Amino acid sequence: MTKLYRKISWRLLPLLMLAYLVAYLDRVNIGYAKLQMLSALQFSDAVYGLGAGIFFVGYFLCEVPSNLLLEKIGARKTMLRILVLWGAVAAGMMLVQTPTQFYIMRFLLGVFEAGFFPGVVLYLTYWFPAERRGKVLALFMTSTVAASLIAGPLCGAILHYLDGWRGLAGWQWMFLLQGMPALVLGVVLFFHLDDKPEQARWLSDDERELLQADMARSSPDVAPAKVRLWGMLRSRAVCGYAMVNFLMIGATYALVFWVPSLIQSWGVKNPLLIGLYAALPNLVGIIGMLLMARHSDKHGERRWHYAASVVIAVIGIVVTIAADGVLALSLIGMCIATVGVASTTPLLMTAATEALPRYQSAAGIGIISSVGILGGGVSAALTGVLTRFGSNALLYFVIALFALSAALMLAVSRRRD
């Protein structure tokens, strides 16, 4: 079985990971654009915070419908729609000149990108049984950490070297160059993916039968006639994991959007150096996330691994605060924190997919993901205000959100132990 699932992983994960890397980059590069964009367009921190956060409103509104549509029409058509539309808007961010345009484009980016992450999570449940999903989701989630790893040097280089070239500012080149790959990937995924295992010609008949038998053993397909959305909203598991995700993503994006500004506050002024320093914690985070997911799969346990990840994140943030702007110590703190932060999402989503019956997966994962992503919008708007009181106020806010998410995770999942 290991050989079969390795074959499936090599077929599906590389392109899905590349697409998520591009998605994450298009989502968070606004943090680097801020270094030039605010002064060029005379936007305030409040305008930036609202624009960064409104992305999540559009995302929230469209995730569940997108996941239900994926289940109906398949992953190929869904991924084509999502990637082409978000790529066009991501590149179009270069044309923004006013706060209203900024808000509209960020909202549309959220609308069009909505459904990609929960869609991939749902899609992977068609191919991998529950006991293998922790490692698979962690591998997929390395895309976000890898995106953060390359985002710093890439965005910093574009801002530094292309600023003023051909009459365009560095931040405009950044949006254009990082938005276009999604257009190409949407077409590639349409021809590369198979909607279901039974359609996969690259599997032999014996491999398909073996996979279907293993999936049936892991997740018996016993479903009622119809899944009602209201019933899903009353589900303890769906609501509980959705709120954990809300708090966790709120904390994560509060860090992601403001890390470039934090590094700048530590005395680094060159955009290229800011990008390079921002990459280091993410390199450490990839390694830590994979080790945590592997250990979690080995023991079949999620909740205490999640809590341990939060503790690691909090320790790292405390070290960063104690460093008081000393660059080397602050970076050490961020490296520790990123190990914990990066590990939380795959652990949470694995626990959620294990808790939901297969017939509830499309709507349930969509709800959990959409409520969670709304946390990013709320925290992005709040951090625009919190930074007025100094960077430490933002870090204390992140600690509080992570701590609450861990406490709720332990409460929600305790009946599964």
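The model shown is predicted, which means the values in this text are computed figures rather than measured ones.

Draft legend 1. Spotlight on the overall build of the protein chain. Across its full length, the protein chain carries 16 helices and 0 strands. Whereas a compact globule of 417 residues would reach a radius of gyration of roughly 22 Å, the protein chain reaches 21 Å, a difference of no more than 12%. Dimensions of the protein chain, computed from C-alpha atoms along their principal axes, come out at roughly 60 × 45 × 40 Å. A buried classification covers 58% of the 417 residues belonging to the protein chain. Excluding contacts between residues fewer than 6 apart, the proportion of contacts in the protein chain whose partners are at least 24 apart in sequence is 84%.

Draft legend 2. Focus on the packing of helix α1 (residues 2-28) against helix α6 (residues 116-125). It is at 11 Å that the axes of α1 and α6 come closest, and there the two elements cross at 170°. It follows from the interaxial angle that α1 and α6 lie roughly antiparallel. Seen along the crossing, α1 lies across α6 with a hand that is left-handed. For the pair α1 and α6, the contacting residues are Leu12, Leu13, Leu16, Ala19 and Tyr20 in the first and Phe116, Phe117, Val120, Tyr123 and Leu124 in the second. Its residues assigned to classes, the contact of α1 with α6 comprises 10 nonpolar, no polar and no charged.

Draft legend 3. Focus on the nonpolar core. Ranked by internal contacts, the top residues of the largest apolar core, which has 136 residues, are Ile8, Met37, Trp86, Phe116 and Trp127. Per element, the largest residue contribution to this core is 17 residues, and it comes from helix α11 (residues 236-265). When residues no more than four places from it in sequence are discounted, the contact partners of Ile8 are Trp127, Phe128, Trp202, Leu203 and Leu211.

Draft legend 4. Structural context of unusual backbone geometry. Of note in this structure, Arg166 is not a glycine but carries a positive phi near 55°. With respect to the element layout, Arg166 can be found in the loop between α7 (130-161) and α8 (170-192). The exposure class of Arg166 is exposed, given its relative accessible area of 68%. Residues other than glycine seldom take positive phi values, yet Asp324 does so here, at roughly 55°.

Draft legend 5. Quick peek at the pattern of salt bridges. Per the stated rule, a full pass over the model turns up 4 salt bridges. Two residues, Lys7 and Glu207, come together in a salt bridge whose shortest N-O distance is 3.0 Å. Here Lys7, found in helix α1, pairs with Glu207, found in helix α9 (residues 205-218); they are 200 residues apart in sequence, far enough to count as distant. Note on Lys7: relative accessible area 32%, which makes it partly exposed. As a salt-bridge pair, Arg302 and Asp297 come within 2.8 Å of each other at their nearest N and O atoms.

Draft legend 6. The packing of aromatic side chains, seen in detail. Summed over all chains, the structure comprises 15 aromatic pairs. Between Trp165 and Trp173, the ring centres sit 5.0 Å apart and the planes meet at 35°, which makes this aromatic pair tilted. Assessed through its relative accessible area of 45%, Trp165 is described here as partly exposed. Judged by relative accessible area, Trp173 falls into the buried class, the value being 11%.

Draft legend 7. Representation of the packing of α7 against helix α14 (residues 327-355). Two elements in contact, α7 and α14, have axes whose closest approach is 9 Å; the angle formed by their N-to-C orientations is 145°. Considering how the two elements wind past one another, α7 and α14 form a crossing that is right-handed. Contacts from Ala130, Arg133, Gly134, Leu137, Ala138, Met141 and Val145 in α7 reach Ala342, Thr345, Pro346, Met349, Thr350, Thr353 and Glu354 in α14. In the contact of α7 with α14, the residues fall into 8 nonpolar, 4 polar and 2 charged.

Draft legend 8. Region of interest: a positive patch on the surface. Side chains of Arg6, Lys135, Arg294 and Lys298 sit close together on the surface and give a patch of like positive charge. Within the secondary structure, Arg6 is located in helix α1.

Draft legend 9. Region of the structure containing the side chain of Thr353. Tracing the backbone shows Thr353 in helix α14. A distance of 2.9 Å separates a polar side-chain atom of Thr353 from the backbone oxygen of Thr350. In contact with Thr353, not counting residues within four places along its chain, are Val121, Thr125, Arg133 and Ile365.

Draft legend 10. Expanded view of α7. Between its first and last C-alpha atoms α7 spans 46 Å; for 32 residues at 1.5 Å apiece the expected length is 46 Å, and the two agree. Largest kink in α7: about 35°, centred on Ala151, with the proline Pro153 one to four residues after it.

Draft legend 11. Just the environment of Thr353, in detail. By relative accessible area, which is 5% here, Thr353 ends up buried. Residues Thr353 and Gly134 lie 219 residues apart in sequence; the distance between their C-alpha atoms is 9.8 Å.

Draft legend 12. Geometry of the environment of Arg132. Of note, Arg132 is situated in helix α7. Considering only alpha carbons, one finds Arg132 and Asp214, 82 residues apart in sequence, at a separation of 11 Å. The contacts of Arg132, once residues within four sequence positions are left out, are Met1, Thr2, Tyr5 and Asp297.

Reading the values: the criteria
- Residues numbered from 1 in each chain as written.
- Predicted model: local features only at pLDDT ≥ 70, side-chain atom pairs only at ≥ 80, totals over all residues.
- Heavy atoms only, no water.
- Helix = DSSP H or I, 4+ residues; strand = E, 2+ residues; numbered from the N terminus.
- Rg over C-alpha atoms; globule rule 2.2 N^0.38 Å.
- Buried < 20%, exposed > 50% of the residue type's maximum accessible area, 1.4 Å probe, protein only.
- Contact = heavy atoms within 4.5 Å.
- Axes fitted to C-alpha atoms, helices over the stretch in contact; angles between N-to-C directions.
- Parallel < 35°, antiparallel > 145°, perpendicular 65-115°, else oblique.
- Left-handed = near helix turned anticlockwise from the far one by under 90°.
- Nonpolar A, V, L, I, M, F, W, Y, C, P; charged D, E, K, R; others polar.
- Core = buried A, V, L, I, M, F, W, Y, C linked by side-chain atoms within 4.5 Å.
- Salt bridge = Lys/Arg side-chain N within 4 Å of Asp/Glu carboxyl O.
- Phe/Tyr/Trp six-rings, centres within 6.5 Å; stacked < 30°, edge-to-face > 60°.
- Patch = residues over 30% accessible without salt bridge, like charges linked within 9 Å, V, L, I, M, F, W, Y side chains within 5 Å.
- Areas by Shrake-Rupley, 256 points an atom, 1.4 Å probe, with all protein chains shown as cover.
- Lys, Arg positive; Asp, Glu negative; His and termini not counted.
- Charge placed at Lys NZ, Arg CZ, Asp CG, Glu CD.
- Polar contact = N/O pair within 3.5 Å; in protein donor to acceptor, adjacent residues only side chain to side chain.
- Expected span 1.5 Å × (residues − 1).
- Bend = angle between axes of the 7 residues up to and from the residue.

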